[in-house]
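Overview (structure and organization)
Listed below, chain by chain, are the residues.
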Amino acid sequence: MPVFRRALAGMECHTAGDGIVKHLPAQSAPSAEISQIWCLDVVRHCWRVDMMIEEGSPDLWVYKRNPAVAVPRTDIVATTPAGIPYLKPAAVLLFKAKYGRPKDEVDFVNALPKLQQSERSWLKNCLDLCHQGHRWAERL
């Protein structure tokens, strides 16, 4: 956590879980059951960063909701031209598949034409494993 706090100077950290968002004091680490940190841009008063705390290693990404989904980190995490790592859209959609909210459907519709065939296949396989019968699977 200290490395993220240094990189995100000027941001205020909050834990997010089970629909509850709580301020995370500067010298505190999140408790073990917390897997998501939101960062608030204090100057602009808006959320800027959504970090997931996940199992895995520098080389392996493991889906927190089903550890049977584990892939090389290089296959699931990309980097912006500025060097900022981010989770690729297919993996983000896997997280969103759990909820079925209108905003998740919009994200799926917008992302679908941009997914490569290999990403579509990966997401379909993950949906079949983790969310059997999910309505997105037939559209992939």
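As the structure is a computational prediction, the values presented were derived from the model and not from experiment.

With respect to the packing of aromatic side chains
What the rule picks out here adds up to 6 aromatic pairs. A ring pair is formed by Phe108 and Trp136, whose centres lie 4.4 Å apart and whose planes are at 5°; its orientation type is stacked. Note that Phe108 is positioned in helix α4 (residues 102-111) and Trp136 in the segment after α5 (117-130), a separation of 28 residues in sequence. The same class applies to Phe108 as to Trp136, namely buried. Ring pairs connect the aromatic residues Trp61, Tyr63, Phe95 and Trp122, which therefore count as one cluster.

A few points about the domain arrangement of the protein
Under the domain assignment used here, the protein contains domain 1 (2-52) and domain 2 (60-130). Its C-alpha centre places domain 1 at a distance of 22 Å from the equivalent point of domain 2.

Quick notes on α5
At 3.6 residues per turn, the α-helix brings residues three or four places apart onto the same side. For α5, with 14 residues, the first-to-last C-alpha span of 20 Å sits near the 20 Å given by 1.5 Å per residue. Among the residues making up α5, those that are buried are Glu119, Arg120, Trp122, Leu123, Cys126 and Leu127. Within α5, the buried residues cover an arc of 165° as seen down the axis, which keeps them to one side. More than 90 degrees from the buried face of α5, the exposed residues found are Gln117 and Asn125. For α5, the secondary structure elements touched by its buried residues are β5 (60-62), β6 (70-72), α2 (73-76) and α3 (89-96).

Comments concerning the pattern of salt bridges
For the structure shown, the criterion picks out 7 salt bridges. In this structure, Asp41 engages Arg48 in a salt bridge whose closest nitrogen and oxygen atoms are separated by 3.1 Å. Given the relative accessible area of 11%, Asp41 is considered buried. Residue Arg48 is classed as partly exposed on the basis of its relative accessible area of 44%. Note that Asp128 is salt-bridged to Lys124, the shortest N-O span being 2.8 Å. Highlighted residues: Asp128 and Lys124, both in helix α5, separated by 4 residues, approximately one helical turn. According to the relative accessible area criterion, Lys124 is partly exposed, its value standing at 31%. In the salt-bridge network here, residues are joined through shared partners; they are Lys96, Arg101, Asp104 and Asp107.

Let's talk about the sheet that holds strand β1 (residues 11-17)
The strand order across the open sheet formed by 4 strands is β2-β1-β3-β4, and the pairing between neighbours is antiparallel. Only two strands of the sheet have a single partner each, and these edge strands are β2 (20-23) and β4 (46-52). Averaged over neighbouring strand pairs, the angle between their axes works out to 30° when direction is ignored. Sheet topology note: the β1/β2 ladder contains 4 bridges and is antiparallel. What sits directly across from His14, in β2, is His23.

Let's talk about the nonpolar core
In a soluble, globular protein the nonpolar side chains are often hidden away together inside. In this structure, Trp61, Val69, Leu93, Leu94, Trp122, Leu123 and Leu127 are the most contacted members of the largest nonpolar core, which totals 22 residues. Every element with two or more residues in this core is listed here: α3, α4 and α5. The biggest single contributor to this core is α3, with 5 residues. For Val69, the contacting residues outside a window of four places in its chain are Trp61, Val62, Tyr63, Leu94, Trp122, Cys126, Leu129 and Cys130.

So, how was this worked out
- Residues numbered from 1 in each chain as written.
- Predicted model: local features only at pLDDT ≥ 70, side-chain atom pairs only at ≥ 80, totals over all residues.
- Heavy atoms only, no water.
- Phe/Tyr/Trp six-rings, centres within 6.5 Å; stacked < 30°, edge-to-face > 60°.
- Helix = DSSP H or I, 4+ residues; strand = E, 2+ residues; numbered from the N terminus.
- Buried < 20%, exposed > 50% of the residue type's maximum accessible area, 1.4 Å probe, protein only.
- Domains from an automatic or database assignment.
- Expected span 1.5 Å × (residues − 1).
- Arc of directions from axis to C-beta.
- Contact = heavy atoms within 4.5 Å.
- Salt bridge = Lys/Arg side-chain N within 4 Å of Asp/Glu carboxyl O.
- Pairing = 2+ DSSP bridges.
- Axes fitted to C-alpha atoms, helices over the stretch in contact; angles between N-to-C directions.
- Core = buried A, V, L, I, M, F, W, Y, C linked by side-chain atoms within 4.5 Å.

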